[in-house]
Every structure is written in structure tokens, then in C-alpha cells.
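# Architecture at a glance
Chain residues, written in single-letter form:
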Amino acid sequence: MKIVSVVGARPQFIKHAALSKKLKLHNSILIHTGQHYDDYMSKIFFNELKIPFPDYSLNVGSGTHAYQTAEIMKGVEEVLVNENPDLVIVYGDTNSTLASALAAVKLRKKMAHVEAGLRMSDKKIPEEVNRVITDYCSDYLFCPTLTAVENLKRENITRGVFLTGDVMADALTEAKSIAEKSGILDDLGLTSKNYLLFTLHRVSNTDIVDNFISIIDAIIKIGESGENIVFPVHPRTRKVLRETGLSERLEKVIKVIDPVGYFTFLKLLNHASKVLTDSGGIQKESYILKVPCITLMNETPWPETVNDGWNVLVGTDTNLIISCAFNFSPENKYSNYFYQGACDTIVSIIESR
Ligand code: UD1
Ligand code: UDP
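Residues numbered from 1 in each chain as written. Chains lettered and ligands numbered in written order. Predicted model: local features only at pLDDT ≥ 70, side-chain atom pairs only at ≥ 80, totals over all residues. Heavy atoms only, no water.

## Some details on the site of ligand 2
Put simply, the rule is: One heavy atom within 4 Å of a molecule or strand is enough for the residue carrying it to be called near that molecule or strand. Residues adjacent in sequence count toward polar contacts only when both atoms are side-chain atoms; beyond that, a polar contact is any pair of N or O atoms within 3.5 Å, and within protein one must be able to donate a hydrogen and the other to accept it. Using the Shrake-Rupley algorithm and a 1.4 Å probe, accessible areas are obtained, with residue cover drawn only from the displayed protein chains.
What surrounds ligand 2 is a group of 17 residues, the closest being Arg 202, Val 260, Ser 279, Gly 281 and Glu 285. Contact distances for ligand 2 include 3.5 Å between an oxygen atom and a side-chain N or O atom of His 201. Gly 280 is positioned with one of its backbone polar atoms (N or O) 2.9 Å from an oxygen atom of ligand 2. Surface burial for ligand 2 is 95%, taken as the share of its 540 Å² of free accessible area covered by protein chains.

Encoded structure:
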């Protein structure tokens, strides 16, 4: 079977690394859209996770949503016409996902969406638009959770829907022991469970200036109280920090570092006392690693993590963020919502059809 997979952004490299290992028996072709392109957002994942060099690099780069989506569509369409695959695989909810789904469905290619069925109520969130349309275009909807299956059922999407578990749970299981070898804690002068990890990159938190200031203000106050905080900064956020002139104040009280590779990040996460984040993937990883997660959003595509008490949604309220950073203490409930073996399940479904 000839399969074309499309990746473009950091979390997609991680998901593809896990799934592609199981697709070895197939003629597997990889497109990198170039949505993420800095070495620490792209190359490091290919190197560390031993993902073969992409067969096609579209080098689309950054731009407006319409520009990025349109350029990726054009590039992916050309590859699909040339390669004529039996199946196209897309991951998650980025512009790379949406553009590839549109290109594939218009060419009447069979398409699989890994991480299908996630929903939030705000249709203005770019990722929500991407998810809904991608699911609508997909022939195979590989759902990480039962909630995702139920979300699709509410939209009358039941054909091609499979509960597979989450591919990132597989990725994490495989990476955990390698991650432990990372020397990042020593490098940063940290000790296990004696620091907070912080990440931020959602548009609603970076591009709405009041939200951004409210969050950074909380982080500065927590840092000033003597807590150790590590902040691997996404390039989108680095730009806003510079524009708002907050970089210097922040860097005085917390450790601001460049984004790190997957293994290094998992080491930082596993040994953090808590994580403060607006990342979807990190909410899940912290649940699996049982690290309390304070989510800087009012809603999550992963409500299971909140149900078991490991995740608390605080939005952007400065006082609430500070209070949770000191007081949030989950009970030890764990329902294994993300399962194990998603990659094997997905591959066996693809092969059986
Ligand atoms: C994208 C996804 C988001 C996902 C995230 C993972 C969309 C709409 N958003 O958000 O769902 O959670 O990736 O990290 O697809 N930049 C660089 N170097 C890079 C990449 C980006 O400097 O290698 C800067 C550029 O200024 C760019 C900005 O970051 O404009 C945003 O990048 P973009 O890929 O558009 O969105 P993300 O915020 O990364
Ligand atoms: N991650 C990483 N290095 C970092 C920050 C995050 O490897 O500096 C990993 C993290 O472990 C998770 C994924 O990137 O697997 C999450 O990506 P991101 O937060 O950019 O996107 P989201 O999951 O919100 O779409």
C-alpha cells in the first residue's frame, strides 16, 4: 500500500515518529510542509526521533492563515497527483492538517485523521476550525478517546470512526527511559520536583495583549517569590515578549530557554513539581506522567485530564494562576484515558481495509 503522510508542526513530528515505525511494511512517503522550520522546532525532532528525511519538503514557512493554508494545499496537491497514494494520513489540528485534508479530499483520495473528534466550543479558535473540517473530509477517523468518538456521534459522524487510543501515549512510553538520560536538570542547576515548567503559544494568549500581560505578570510574581521556573519559549511567544518589552523583567526571575527537543522536554516535564501551559499535547503528557497541570485556557480538548483531577483550567486570571501554582494538589486518581497501543491499532485497521 502506498501511504503519504503529511507533517509540518512540532507535535506532528512526534506523532508521526511513533506511527511511521509501524508502517514500515508499506511504501511510506513523507511530506514536510515547512510550517515549523527553525532547527529547534523541526530538525531536532527528525534527528532525535530518527524520522527519515522527508521525501518532499514544501518549505512553506510562516504567514497568514490563508497564505499558509493555500501554499500547503498547492504543494500537497502536486505531490498527491504525482504519487497517487492509496491513503493520505494527517495528524492533529494545524494549518498543515487542514490544507492537506482539503487537497486530499478534492482529489478523492482516501484520508485518515489521527487525533480525530476533539472539540471545543469556541469556533473562532483556529485549531477548532481545522479539526472540524478535517474530520468532515476524512474516511478514517482515529479517535484518541471515547469523548472524541462521542463528539463525532453528536455531529452524526459514525462511519469510519475508530477508538484507537492516543499515539502520543505510545510516543511517550517509548521515549521515557531515553528522556531520563538527559542532563538538562544539571545544566540548568535544578533538582527533581523543585521547579515549575511553563510553556505558552496559543494565539488567544499571545496575540490578545491583555491576556499575555496577565499571564506573564503571574509568572513574574511566582518567580519573584523564589520559585524556580523554566520556560522553553515558542518562537511565536518570543516575538511577543520582545514586542511587549517584557523579556528583560521575565528573564531576571525565571529561566527562559530556547525550545528543546522531545527527550529533553520530557525530562523537564517528568521532574517538574507542576506545569503551567496552554499546550494540548503537554496537558496529555502531564496527565500520563502524573504531573499536576495548570492550563492557561478556559477550555480543553482533553477534558479527561480535568475529570481525574490532574488538570485545572485557570484561563488568564493572574491571581488564580498564582494561587494554583502554590496550592493545586491533585488526588491520585488515574483512569488511563489515553490507553496504549494506538499505533498498532491504527495500522491494523488500515491493513484490514
Ligand atoms: C501551530 C499550530 C498550533 C500548534 C502549534 C504547535 C496552526 C494554526 N497552529 O501554532 O495548533 O499547537 O503549531 O507548536 O496551525 N515561527 C518561527 N519559527 C518556526 C515556526 C514558527 O519563528 O520554526 C514563528 C513565526 O513568527 C510564526 C509564528 O511562530 O509566524 C507562529 O507559527 P505558526 O506555525 O503559524 O503557528 P504556531 O503558533 O506555531
Ligand atoms: N515539546 C518539545 N519541546 C518543547 C516544548 C514542547 O519537544 O520545548 C513537545 C511536548 O513534549 C509535546 C509537544 O511538543 O509532545 C507539544 O507541542 P506544542 O505545545 O507546540 O503543541 P500542541 O500540542 O499544543 O499542539
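## Things to note about the nonpolar core
Here is the rule: Grouping buried Ala, Val, Leu, Ile, Met, Phe, Trp, Tyr and Cys residues that are joined through side-chain atoms within 4.5 Å yields what is termed a nonpolar core. Partly exposed describes any residue whose relative accessible area lies between the buried limit of under 20% and the exposed limit of over 50%, with all areas from a 1.4 Å probe on protein chains only and scaled to the type maximum. Two residues form a contact once any of their heavy atoms are found within 4.5 Å.
Within the largest apolar cluster, 53 residues are counted, with the highest numbers of intra-cluster contacts made by Leu 19, Ile 89, Phe 142, Tyr 262 and Leu 268. Phe 142 has contacts with Ala 112, His 113, Val 114, Glu 115, Ala 116, Phe 162, Thr 164, Ile 346, Ile 349 and Ile 350, leaving out every residue within four places of it along the chain. Formed by 28 residues, the second largest nonpolar core is a distinct cluster that contains Ala 218, Ile 229, Leu 250 and Ile 321.

## Quick notes on the sheet that holds strand β9 (residues 229-232)
Put simply, the rule reads: DSSP calls a pair of strands paired once it identifies at least 2 bridges connecting them. In this description a helix means any DSSP run of H or I spanning at least four residues, a strand means any run of E spanning at least two, and both kinds are numbered starting from the N terminus. Helix axes use the C-alpha atoms of the stretch in contact, all axes being lines fitted to C-alpha atoms, and the angles between their N-to-C directions lie in the range 0 to 180 degrees.
Pairing is parallel in the open sheet, where six strands are placed in the order β10-β9-β8-β11-β12-β13. The strands lining the two open edges of the sheet, one partner per strand, are β10 (255-257) and β13 (311-313). Averaged over all adjacent pairs, the angle separating strand axes in this sheet is 20°, with direction ignored. In the packing of helix α16 (residues 318-327) onto the sheet, contacts are made with β8 (196-198), β11 (274-277), β12 (293-295) and β13, and the angle to β11 comes to roughly 160°.

## Overview of empty space enclosed by the protein
Put simply, the rule reads: Only protein atoms enter the calculation, which uses a 1 Å grid: trapped sets of points that fit a 1.4 Å probe without letting it out are cavities, open sets showing protein on both sides within 12 Å along at least five of seven lines are pockets, and any residue with an atom within 4 Å of a point is a lining residue. Grid points are joined across faces, edges and corners, and a volume is the space filled by probe spheres set on the points. Each residue is assigned to one of three groups, with Ala, Val, Leu, Ile, Met, Phe, Trp, Tyr, Cys and Pro labelled nonpolar, Asp, Glu, Lys and Arg labelled charged, and all others, Gly among them, labelled polar.
Following the criterion strictly, the structure yields one cavity of 30 Å³ or more and no others. By volume, the largest cavity is sized at about 40 Å³. For the largest cavity, the full set of lining residues is Val 114, Glu 115, Phe 142, Cys 143, Pro 144, Thr 164, Gly 165, Asp 166, Val 167 and Ile 346. Class assignment for the residues of the lining of the largest cavity results in six nonpolar, two polar and two charged.

## Quick word on helix α10 (residues 209-224)
Quick reminder of the rule: Here the expected length of a helix is defined as 1.5 Å per residue gap, with one fewer gap than residues.
Taking 1.5 Å per residue as the helical rise, α10 with its 16 residues ought to reach 22 Å, and the 22 Å between its terminal C-alpha atoms agrees with that figure. Residues of α10 that are buried include every one of Asn 211, Phe 212, Ser 214, Ile 215, Ile 216, Ala 218, Ile 219, Ile 220, Ile 222 and Gly 223, and no others. Among the residues trailing α10, Gly 226 stands out with phi positive, at a value near 110°.

## Considerations on the environment of Pro 11
Tracing the chain through its elements places Pro 11 in helix α1 (residues 10-20). Judged by its relative accessible area of 30%, Pro 11 falls in the partly exposed class. Each C-alpha atom of the pair Pro 11 and Val 129 lies 18 Å from the other, and the pair is 118 residues apart in sequence.

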